[in-house]
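Next come the chains, spelled out residue by residue.
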2 protein chains.
Amino acid sequence: MPNISEKGVRMPASPIRKLTPYADKAKEEGKTVYHLNIGQPDIKTPEGMLRAVRNIDFDVWAYTPSEGTLAYRSKLTEYYNRQGYHIAPEDILVTAGGSEALTIAMHACINEGDEVIVPEPFYANYNAFACMSNAVVRPIPSSIDNGFALPPISEFEKLINERTRAILICSPNNPTGYLYSRAEMEALKELCLKYDLFLMADEAYREFCYGGGEFVSPLHLEGLDQHAIIFDTVSKRYSACGARLGCMVTKNKAVIQSALKFAQARLSPGMVEQIAGIAAVDTPDSYFEAVNKEYTLRRNTLVSRLNAMEGVYCPNPGGAFYVMAKLPIDDADKFCQWILEHFTYDNSTVMLAPGTGFYSVEDLGRNQVRMAYVLNVNDLNKAMDCLEIALNQYPGRTLA
Amino acid sequence: MPNISEKGVRMPASPIRKLTPYADKAKEEGKTVYHLNIGQPDIKTPEGMLRAVRNIDFDVWAYTPSEGTLAYRSKLTEYYNRQGYHIAPEDILVTAGGSEALTIAMHACINEGDEVIVPEPFYANYNAFACMSNAVVRPIPSSIDNGFALPPISEFEKLINERTRAILICSPNNPTGYLYSRAEMEALKELCLKYDLFLMADEAYREFCYGGGEFVSPLHLEGLDQHAIIFDTVSKRYSACGARLGCMVTKNKAVIQSALKFAQARLSPGMVEQIAGIAAVDTPDSYFEAVNKEYTLRRNTLVSRLNAMEGVYCPNPGGAFYVMAKLPIDDADKFCQWILEHFTYDNSTVMLAPGTGFYSVEDLGRNQVRMAYVLNVNDLNKAMDCLEIALNQYPGRTLA
């Protein structure tokens with residue numbers, strides 16, 4: 001029997017998958033499991049998008065151009081220009097979700113063995129995209145103690161060498177919720193210009209900024225046109241994760257042309273999704289206002305509940321719909337399994353994502369967990385009831 | 001300004017793209033361009049699939065499991081078991097078209113620098129998938145003179161070395177239309193068992209077999225379970241290219257598990273497409289009967305028109321909807337550009353795919369073109385009128 005590839009062995013598995021059998025077992029036993037472990041929002045997809053799907057009127061479900069339809073890319077420029085990006089349809093490559101945009105950009109821009117600096121904790125699949133293109137992720141730890149702010153630029157400079165090709169950020173951040181300030185973005189810009197690095201930005205959570213925080217994109221920064229590459233998706237913005245519709249945006253023509261070759265190999269993004277994507281751009285502001293009001297309420301609930309628990313610390317994040325919290329526990333992997341396997345309160349329990357899955361430096365995040373506030377406030381409170389009681393019962397508790 | 005990657009430079013561009021500006025210009029000049037260059041069928045997508053899209057009734061367009069929904073994979077087993085495959089839902093990984101299935105399989109199964117033997121001419125994007133995973137394509141020429149039958153097994157054995165990992169075939173074939181016989185498939189099976197190689201089969205055109213030819217899959221062959229990996233798509237079968245819905249099927253558990261890690265990195269296949277895919281499996285036989293009758297008529301028209309032209313030879317293929325024809329020309333790339341740029345008959349011209357794009361050995365296919373019979377018989381005849389006259393006028397004609 002032939003063997004799988006070395007890359008197939010090396011490829012990281014989804015860290016949350018390990019817990020799935022325990023969650024499934026808990027449900028089989030009749031427990032309610034509150035899922036705070038994944039970024040699948042419970043928010044309704046805008047009716048306009050769904051209506052566009054229901055109203056399709058073609059006879060042949062045909063390929064679209066590999067870069068996406070001109071109709072969709074033109075409509076997207078409306079959206080981006082409202083964000084102050086000043087881009088044209090030819091600066092956009094439509095992809096199967098943000099994931100494909102990142103994968104293609106890695107292939108198109110990073111040489112094998114070359115390095116991408118990523119502040120950590122970071123979205124675990126960045127490791128997977130890097131593995132696929134043989135790029136090397138160089139993490140720089142950020143600290144929960146200052147809310148996961150950008151690490152000092154001097155820390156980046158220590159890592160930069162002749163193999164460094166890019167800095168990859170995510171703001172508002174998954175998993176920390178941290179929103180990079182304009183000053184932080186300007187500092188990254190100067191760094192990328194100084195060392196001629198790509199500044200790659202995962203902007204999946206652009207629309208989710210709370211408390212008046214200002215969202216700043218690399219595409220907002222003057223003089224960074226040839227260095228900035230952003231990744232986007234309709235997944236979170238319109239609660240349309242299953243549409244698998246994203247894009248890569250850059251003013252760098254060589255990058256777009258290189259990326260297009262990888263896009264041509266997979267022929268076309270989805271046709272129905274692009275039709276829905278056109279409708280999405282016309283989603284009324286009231287949709288986002290209602291969603292952000294709801295998320296703000298959830299964030300406030302979660303953060304205040306967590307900080308009221310003995311030995312727990314949770315920074316108040318400026319965006320996205322995640323928090324990373326420090327718990328009084330020996331080991332987040334063990335705790336997240338234990339709470340599914342051995343704990344129940346009011347016939348319920350909670351599924352969390354262990355912090356370790358978001359760090360590549362060994363042992364970082366061992367007392368942290370990520371929570372996605374994708375449940376309503378009532379369920380969030382019940383989940384927090386579970387967590388609070390569980391922390392008192394957990395055998396690996398580190399508080400006396 | 002940072003450079004793109006070496007892989008971005010090395011990555012092959014779509015060979016047909018080079019001609020697109022000439023086709024666009026011809027259209028701007030008011031010419032009708034008959035497109036025989038791409039595999040985008042004009043056949044209607046089954047009404048059941050489109051109805052399933054129009055009838056979606058969810059509120060949240062959510063992720064599905066990375067391997068695809070159990071509902072879709074279960075329904076697919078119905079289809080495959082009708083084909084005599086005897087597979088279970090856990091043998092299926094749902095992907096974004098056949099392209100993603102091939103890309104994932106290359107990553108999961110082929111080491112960097114290891115070799116995949118492919119009879120040529122072959123679908124040009126196999127080079128692109130190999131480039132992405134650093135696999136090496138080793139071509140074995142098949143000959144137009146015997147209709148592109150499987151090259152002798154001894155030719156395969158000459159190429160096999162310690163780096164050979166797989167044989168990749170496509171039957172019915174793109175670009176030749178050739179349908180591998182049971183004897184050829186059995187010979188490949190013995191070869192793969194002898195040298196412990198994967199037998200990878202692109203079965204995008206499974207449903208398109210004409211003249212009573214029998215379709216034989218690696219999954220039909222006893223004792224090949226651990227070596228067989230097939231790639232499938234709804235694109236051609238249901239004329240739903242823009243759905244980007246495919247899958248990989250294998251009984252080899254290690255391969256499926258390795259592939260699943262790559263699938264997890266991109267989170268989910270499309271949700272609406274899987275709903276449509278379920279409906280597709282219930283497409284009535286009458287749909288395929290009508291489609292195959294139509295394609296048989298087109299094939300017969302095209303093959304007889306081509307062979308009636310002086311100096312032209314076109315084998316009569318057993319399946320798919322392509323032919324490769326030998327023309328009395330100096331250079332297919334030049335001819336395919338010339339016919340768009342400098343030729344017109346009845347204010348029309350024709351777009352063909354140069355044969356060179358399907359060969360990796362230099363100079364092979366220089367006098368061949370691929371034609372997809374994705375137009376109705378009336379338009380096909382008009383396209384053949386153009387070709388016949390053009391061959392007489394072309395300055396690089398090789399006949400006296």
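In this text, all values refer to a predicted model and were calculated from it rather than measured experimentally.

Parameters and conventions
Residues numbered from 1 in each chain as written. Chains lettered and ligands numbered in written order. Predicted model: local features only at pLDDT ≥ 70, side-chain atom pairs only at ≥ 80, totals over all residues. Heavy atoms only, no water. Pairing = 2+ DSSP bridges. Helix = DSSP H or I, 4+ residues; strand = E, 2+ residues; numbered from the N terminus. Buried < 20%, exposed > 50% of the residue type's maximum accessible area, 1.4 Å probe, protein only. Contact = heavy atoms within 4.5 Å. Buried area = accessible area lost by both parts, 1.4 Å probe. Salt bridge = Lys/Arg side-chain N within 4 Å of Asp/Glu carboxyl O. Polar contact = N/O pair within 3.5 Å; in protein donor to acceptor, adjacent residues only side chain to side chain. Least-squares fit on C-alpha atoms with pLDDT ≥ 70 in both. Axes fitted to C-alpha atoms, helices over the stretch in contact; angles between N-to-C directions. Parallel < 35°, antiparallel > 145°, perpendicular 65-115°, else oblique. Left-handed = near helix turned anticlockwise from the far one by under 90°. Domains from an automatic or database assignment.

### Brief notes about the sheet that holds strand 11 (residues 353–354) of chain A
Sheet strands pair by backbone hydrogen bonding; their relative direction is either parallel or antiparallel.
Then step 1. In spatial order, the strands read 9-12-11 (chain A); together these 3 strands make up an open sheet with antiparallel pairing. If you trace the sheet from one side to the other, it starts and ends with strand 9 (322–326) and strand 11 of chain A, each paired once.

### Quick notes on the side chain of Glu100 of chain B
All names here are of chain B.
Then step 1. Inspection of the secondary structure assignment puts Glu100 in helix 5 (residues 97–109).
Then step 2. The buried category is assigned to Glu100, whose relative accessible area is 16%.
Then step 3. Excluding residues that lie within four positions of it along the chain, Glu100 makes contacts with Thr95 and Arg266.

### A short note on the interface of chain A and chain B
Then step 1. Contact residues are listed per partner, giving 80 residues for chain A and 80 residues for chain B.
Then step 2. Interface area, chain A with chain B, both sides summed: about 6,400 Å², of which 55% is carbon and sulfur.
Then step 3. Taken as a group, Pro2, Trp61 and Tyr63 of chain A account for 12% of the area that chain A buries against chain B, more than any other trio of residues on that side.
Then step 4. With a shortest N-O distance of 3.2 Å, Arg17 of chain B and Glu67 of chain A are connected by a salt bridge.
Then step 5. If you look at where chain A meets chain B, you find 48 residue pairs in polar contact (both at pLDDT 80 or more).
Then step 6. Counting residues per element, the ones that place at least two in the side of chain A that touches chain B are helix 1 (6–10), helix 3 (47–54), helix 5 (97–109), helix 6 (125–133), helix 9 (234–237), helix 10 (253–265) and helix 11 (271–281) of chain A.
Then step 7. Per element, the largest residue contribution to the side of chain A that touches chain B is 8 residues, and it comes from helix 10 of chain A.

### Quick look at the relation of the copies chain A and chain B
Then step 1. For the match of chain A to chain B, the screw axis carries a shift of 0.0 Å, the RMSD comes to 0.0 Å, and the turn is 180°. These values place the two chain copies in the arrangement generated by a two-fold rotation axis. Using C-alpha coordinates, one finds that chain A approaches the rotation axis most closely at Arg54 of chain A, a distance of 2.0 Å.
Then step 2. Here 100% of the interface residues in chain A have copies in chain B that are interface residues too; the copies meet face to matching face.

### Here we look at the packing of helix 4 (residues 70–82) of chain B against helix 11 (residues 271–281) of chain B
All names here are of chain B.
Then step 1. Relative orientation of the contacting elements helix 4 and helix 11 amounts to 30°, with a least axis distance of 9 Å. One finds that helix 4 runs roughly parallel with respect to helix 11. The chirality of how helix 4 crosses helix 11 is left-handed. Packed against helix 4, whose contacting residues are Ala71, Tyr72, Lys75, Leu76, Glu78, Tyr79 and Arg82, the element helix 11 presents Gln274, Gly277, Ile278 and Val281 at the interface.

### Examining the packing of helix 6 of chain A against helix 10 (residues 253–265) of chain B
Then step 1. Two elements in contact, helix 6 of chain A and helix 10 of chain B, have axes whose closest approach is 9 Å; the angle formed by their N-to-C orientations is 120°. As the angle between them shows, helix 6 of chain A and helix 10 of chain B are arranged oblique. Classified by chirality, the crossing of helix 10 of chain B by helix 6 of chain A is left-handed. Within the contact between the two elements, helix 6 of chain A uses Asn125, Ala128, Phe129 and Met132 of chain A and helix 10 of chain B uses Phe262, Gln264 and Ala265 of chain B.

### What to know about the pattern of salt bridges
Residue and element names in this part refer to chain A.
Then step 1. Within this structure, the stated rule accounts for 60 salt bridges over all chains.
Then step 2. Arg206 is the partner of Glu203 in a salt bridge, and the nearest nitrogen-oxygen pair spans 2.8 Å. Of the two residues examined, Glu203 and Arg206, each falls in the buried class.
Then step 3. One salt-bridge network, held together by shared partners, links Lys18, Asp331, Asp333, Asp363 and Arg366.

### What to know about the domain arrangement of chain A
Residue and element names in this part refer to chain A.
Then step 1. Per the domain assignment, the segments making up chain A are domain 1 (6–44 + 286–393) and domain 2 (47–280).
Then step 2. The centre of domain 1, based on its C-alpha atoms, is set 25 Å off from the matching centre of domain 2.
Then step 3. At the junction of the two partners, domain 1 supplies 38 residues and domain 2 supplies 34 residues.
Then step 4. In total, domain 1 and domain 2 occlude about 3,000 Å² of area from one another, counting both sides; carbon and sulfur atoms represent 61% of this.
Then step 5. In terms of surface lost to domain 2, no three residues of domain 1 exceed Phe288, Ala320 and Phe358, which account for 17% of the buried area on that side.
Then step 6. Residues Asp145 and Lys326 are paired through a salt bridge, measuring 3.6 Å at the closest nitrogen-oxygen approach.
Then step 7. One can count 14 residue pairs in polar contact (both at pLDDT 80 or more) joining domain 1 with domain 2.

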